[in-house]
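Okay, here's what each chain looks like letter by letter:
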Amino acid sequence: ATFTGSLGKQLEMVARLIKARAKRNVNRDTFLVQLGGFDHHAALKENLDPKFADLNAGISSFHEEMNHQEMFESVTLVMGSEFARTITPNSGEGTDHAWGGNYFMMGGALKGRQILGEYPKGFTSNDPTNDGRGRLIPSTSWDALWNGVAQWFGITSEEDLNYVLPNRNNFACRLFTDNDLYVGGQETNPGCNGEGLRFAMNLTRTTYLTGPEQKKYCEVIKDRVEKTANSTILCAVIDQKVIKISNRRQLTATNSSVVEMQVEVSSDLSDGGTLATNVTSALDDGTLSSALQSAGVENSGASQVQQVITESSTPSPTPSPT
């Protein structure tokens, strides 16, 4: 294949290294190529069109070369960015920095023509996933994608996956497997093949749980539920809201705050209601608050489970819109 453009020249070197894999005595590789210049705060159309041409030319040539080498079935290309762009333009006919974006994957072994994750419900200001000016709130972690790619790559033990993706357990069953991504994929995520539920809980504190605190919180929940449930248990904090509470019954009004959390727990249990019973028992024994304090989750009190909603614990791909 003939490679042109900035990205094309980088992919040409990747193709040469893949072709020389036997001489290099390797059976797998990872490569990083980069294409910059997408920070278009002004004149988006004039600046973006040639970037797309460069991107398309490079990927098309790489696809052609991989087919020529009969390696396309053994290659996965993942395109990503460190941040997204606003959907609503600015006054300079450009876009500004945003949050949630979209990535694409290409490869001969992939289950193509599907969208994974939660597709936006809409693109208006009324959409709950729109944080303003078209800044979409992410629904799917970077770890979710790489979990499935890592399994396809041959990294299948929980210990090795946790080493490669140290934050993967923050997302419980919201991780894709190689079976979600690839034709012939066979891996599953332990703790994601049976009952799942969500519950709401309040912690008396003034701030959100940090990432490390969420890990510690879920470790406490997992340990307590696994004592009564004969199953691997996974836990993830999926939403948090700080709610200010005013006490106006006193002569001097006082204010306090609670963090309302939505927590997702999943398992390999198949008996209807068993997980809900175990979770309720583990959280309502009166010692949860002190257990969280001991684990390093600062709070001045944990409420009982407010609501239990039983649902499937395994994420499913979202069909592509037509």
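Residues numbered from 1 in each chain as written. Predicted model: local features only at pLDDT ≥ 70, side-chain atom pairs only at ≥ 80, totals over all residues. Heavy atoms only, no water.

1. Some points on a nonpolar patch on the surface
A cluster of nonpolar side chains, Ile 87, Tyr 119 and Phe 123, forms an exposed patch at the surface whose accessible area comes to about 290 Å². Looking at the element boundaries, Ile 87 is found in the loop between strand E1 (76–79) and strand E2 (104–107). (Patch = residues over 30% accessible without salt bridge, like charges linked within 9 Å, V, L, I, M, F, W, Y side chains within 5 Å. Areas by Shrake-Rupley, 256 points an atom, 1.4 Å probe, with all protein chains shown as cover. Salt bridge = Lys/Arg side-chain N within 4 Å of Asp/Glu carboxyl O. Helix = DSSP H or I, 4+ residues; strand = E, 2+ residues; numbered from the N terminus.)

2. Focus: the state of the cysteines
What the rule picks out here adds up to two disulfides. At a sulfur-sulfur separation of 2.1 Å, the disulfide partner of Cys 218 is Cys 235. Between Cys 218 and Cys 235, the disulfide has an S-S torsion of -60° and is therefore left-handed. Linking Cys 218 in helix H7 (residues 211–226) with Cys 235 in strand E4 (residues 234–247), this pair joins segments that are 17 residues apart in sequence. Cys 218 sits in the buried class, given a relative accessible area of 7%. Here the cysteine-cysteine linkages of the protein chain are recorded as 1-2, 3-4, numbering only bonded cysteines and doing so in sequence order. (Disulfide = S-S within 2.5 Å. Buried < 20%, exposed > 50% of the residue type's maximum accessible area, 1.4 Å probe, protein only.)

3. Topic: the packing of H7 against helix H8 (residues 274–283)
Two elements in contact, H7 and H8, have axes separated by 9 Å at closest approach and are oriented at 115°. In terms of orientation, H7 lies roughly perpendicular with respect to H8. Between H7 and H8 lies a crossing whose hand is right-handed. Along its contact with H7, which presents Ile 221, Arg 224 and Val 225, the element H8 presents Leu 275, Asn 278, Val 279, Ala 282 and Leu 283. Considering only residue class, the contact of H7 with H8 consists of six nonpolar, one polar and one charged. (Axes fitted to C-alpha atoms, helices over the stretch in contact; angles between N-to-C directions. Parallel < 35°, antiparallel > 145°, perpendicular 65-115°, else oblique. Left-handed = near helix turned anticlockwise from the far one by under 90°. Contact = heavy atoms within 4.5 Å. Nonpolar A, V, L, I, M, F, W, Y, C, P; charged D, E, K, R; others polar.)

4. Here we look at unusual backbone geometry
Positive phi values are uncommon outside glycine, yet Asn 25 reaches one of about 60°. Tracing the backbone shows Asn 25 in the loop between helix H2 (21–24) and helix H3 (44–68). Positioned with a positive phi, Glu 93 is a non-glycine residue whose angle comes to about 60°. Structurally, the position occupied by Glu 93 is in the loop between E1 and E2.

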